[in-house]
Amino acid sequence: MKKWRYASGQLDLTLVSESFGTYLAFFYLEKLGLSAAFYALARTVYAFWDAINDPLFGHLSDRTKTRLGRRRPWLLVGVPLFLLFYLLVFWVPDWARSPQVLPYYFAVGIVLYETMATVVWTNYGALFPEMFRGLSERAGAAALKRGTELFGLILGIALTPLVYAQVGFLGMALLYGGLGGLLVLLFLKSIREDPKAQEAEPLPFIPAFRYTLGNQAFWIYSLAALFLLFAVGLFGAAMPFYAKYALGLGPEATSLLFASVLLSALPSVLLWARLAGALGPKGAWLLAIFLLALGALVLFLPRTLLEALPVGLLIGVGFGGVLVLGDVLLAEVIDRDAEVTGRRREGVYYSVYGFINRLSGPLQALSFALLTPLFGYVSGEVPGPRPEAAFRFLMAGPPFLATLLALALAFRFPYGAKGRMPGAGSS
């Protein structure tokens, strides 16, 4: 039951986060006419604020001591604000839709939303290494967690074009925010933390981050994960444009294309949990990254939905492996740190990891910004002379390069060989 309770939180948060991440650009650029250049600028400026709030919230979470635990108080406060700001991003009143006001409304909205996203995701992720120990338990918990995440992706991404076509983006935000909020609160009421994790005196701020930032294995893993998140995130953000301009599809067919990725990823999580034991987490991780790279490369080719669906299946299987194995490998990095420092510091690690991962947003935005000088695409109102080529490039070129870089880094990762049991001997 512990695994199911934890995994339910992933479903809830995914439903909101992925609909935001996937359709934010489409809503503001195509529907409201925000320029791609300002979209890129706003996402890049936010990264500087992220550089402060991610480590800050992670360190404060590690130092929290209450009868409710270290993480739950932050989640109880953060989740309602997270859902409120999600709603406000997609509720754009008439006065905010003018070209003079919209850029500022957009910038303030995403700063508020993603600040709360930092609080929520850092504390949720920090529960995983503490609650689950050993390769078998972690692989099983990660498979269940990622399976529910993929179900959330099906709801939050693949079905969303059908939802906003019927009720609009505000209706979508109300529906997803309400459902996600209900399920997250049920998760929070049922989860319990290990009181022993609060016994050791936390490290001061500077030593805590000195140990973390000096951890070579953590940097290798985190940079590889950044490139993978960038690739997968760009697949999602570019998919509505790719479907519209490169394949000539409407909302219903776009949902089918998303579904081909997610429905193939969903059953694959059980396979990847088994491969973690057979090949070792690192070996299985390398295989998953290779499949993603191959899928990105062949995305240049499809001209119809039928040609694109098999590519979506391939990407989905690789995506499932990256999700499951990433949880296991990062948990081992944290375990090894606990063996050295005598303290479990999930909050700091997940906050720094979260900050590094959030750089994928500006990278995705920069990729969108390249479309103007390379292909003449400015917005849905000014698509330029070659929108098909623009979004075929966006869907395949940057993700393929990113997955190759991730593969090169993954080969250098020092842990996760077959036979090592993550969590063994950790306090």
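That block above? That's the structure.
Everything numeric in this text was worked out from a predicted model, so none of it was measured.

About the cut-offs
Residues numbered from 1 in each chain as written. Predicted model: local features only at pLDDT ≥ 70, side-chain atom pairs only at ≥ 80, totals over all residues. Heavy atoms only, no water. Core = buried A, V, L, I, M, F, W, Y, C linked by side-chain atoms within 4.5 Å. Buried < 20%, exposed > 50% of the residue type's maximum accessible area, 1.4 Å probe, protein only. Helix = DSSP H or I, 4+ residues; strand = E, 2+ residues; numbered from the N terminus. Contact = heavy atoms within 4.5 Å. Phe/Tyr/Trp six-rings, centres within 6.5 Å; stacked < 30°, edge-to-face > 60°. Lys NZ or Arg CZ within 6 Å of the ring centre and 35° of its normal. Expected span 1.5 Å × (residues − 1). Bend = angle between axes of the 7 residues up to and from the residue. Axes fitted to C-alpha atoms, helices over the stretch in contact; angles between N-to-C directions. Parallel < 35°, antiparallel > 145°, perpendicular 65-115°, else oblique. Left-handed = near helix turned anticlockwise from the far one by under 90°.

*Asks:* Please clarify how the nonpolar core should be interpreted in this entry.
*Replies:* In terms of nonpolar packing, the biggest core is built from 150 residues, with Tyr28 and Trp285 touching the most fellow members. Examining the composition of this core, we find that 21 residues originate from one element, helix α8 (residues 216-246), more than from any other. Each residue touching tyrosine 28, except ones within four places of it in the same chain, is listed here: Gly33, Leu34, Val89, Val92, Leu102, Tyr105 and Phe106.

*Asks:* Honestly, the packing of aromatic side chains in this entry has me stumped. Any pointers?
*Replies:* The relative placement of two aromatic rings is captured by the distance of their centres and the angle of their planes. All chains considered together, the criterion is met by 35 aromatic pairs. Seen from their ring centres, phenylalanine 27 and phenylalanine 90 are 5.4 Å apart, and the 45° between their planes marks the pair as tilted. Residue phenylalanine 27 is found in helix α1 (residues 2-31), and its partner phenylalanine 90 is found in helix α3 (residues 72-90); the two are separated by 63 residues along the sequence. The same class applies to phenylalanine 27 and to phenylalanine 90, which are both buried. Taking the centre distance of 5.4 Å and the plane angle of 10° together, the rings of tyrosine 245 and phenylalanine 391 count as stacked. Remark: phenylalanine 391 occurs in helix α15 (residues 387-412) and tyrosine 245 occurs in helix α8; sequence separation between them is 146 residues. A residue is classified by how much of its surface remains accessible, and tyrosine 245, at 18% relative accessible area, is buried. The exposure class assigned to phenylalanine 391 is buried, which follows from its relative accessible area of 0%. A cation over a ring is seen here: lysine 145 above phenylalanine 128, with NZ or CZ 5.2 Å from the ring centre.

*Asks:* Explain the environment of glycine 140 here, please?
*Replies:* Residue placement: glycine 140 occurs in helix α5 (residues 135-158). Among the residues examined, glycine 140 registers a relative accessible area of 28% and is labelled partly exposed. Once the C-alpha coordinates of glycine 140 and isoleucine 206 are considered, the two residues, 66 residues apart in sequence, prove to be 35 Å apart.

*Asks:* What should I look at first to understand α3 in this one?
*Replies:* Note on helix geometry: an α-helix contains 3.6 residues per turn, so any two residues three or four positions apart are oriented the same way. With 19 residues, α3 extends 28 Å between its outermost C-alpha atoms, agreeing within 8% with the 27 Å of an ideal straight helix rising 1.5 Å per residue. Maximal helix bending in α3 amounts to about 30°, located at glycine 78; proline proline 80 follows within four positions. Those residues of α3 that fall on the buried side of the exposure criterion are Arg72, Leu75, Gly78, Val79, Phe82, Leu83, Phe85, Tyr86, Val89 and Phe90.

*Asks:* Before we go on, may I ask you to explain the packing of α8 against helix α12 (residues 346-358) in this structure?
*Replies:* The geometry of a pair of packed helices is captured by two quantities: the angle between their axes and the separation between those axes. The geometry of α8 relative to α12 is characterised by a closest axis approach of 9 Å and an angle of 40° between their N-to-C directions. Relative to α12, α8 is oriented oblique. Our pair here, α8 against α12, has a crossing hand that is right-handed. Counted together, Phe218, Trp219, Tyr221, Ser222, Ala225, Leu226 and Leu229 of α8 and Tyr349, Val352, Tyr353, Ile356 and Asn357 of α12 form the full contact between these two elements.

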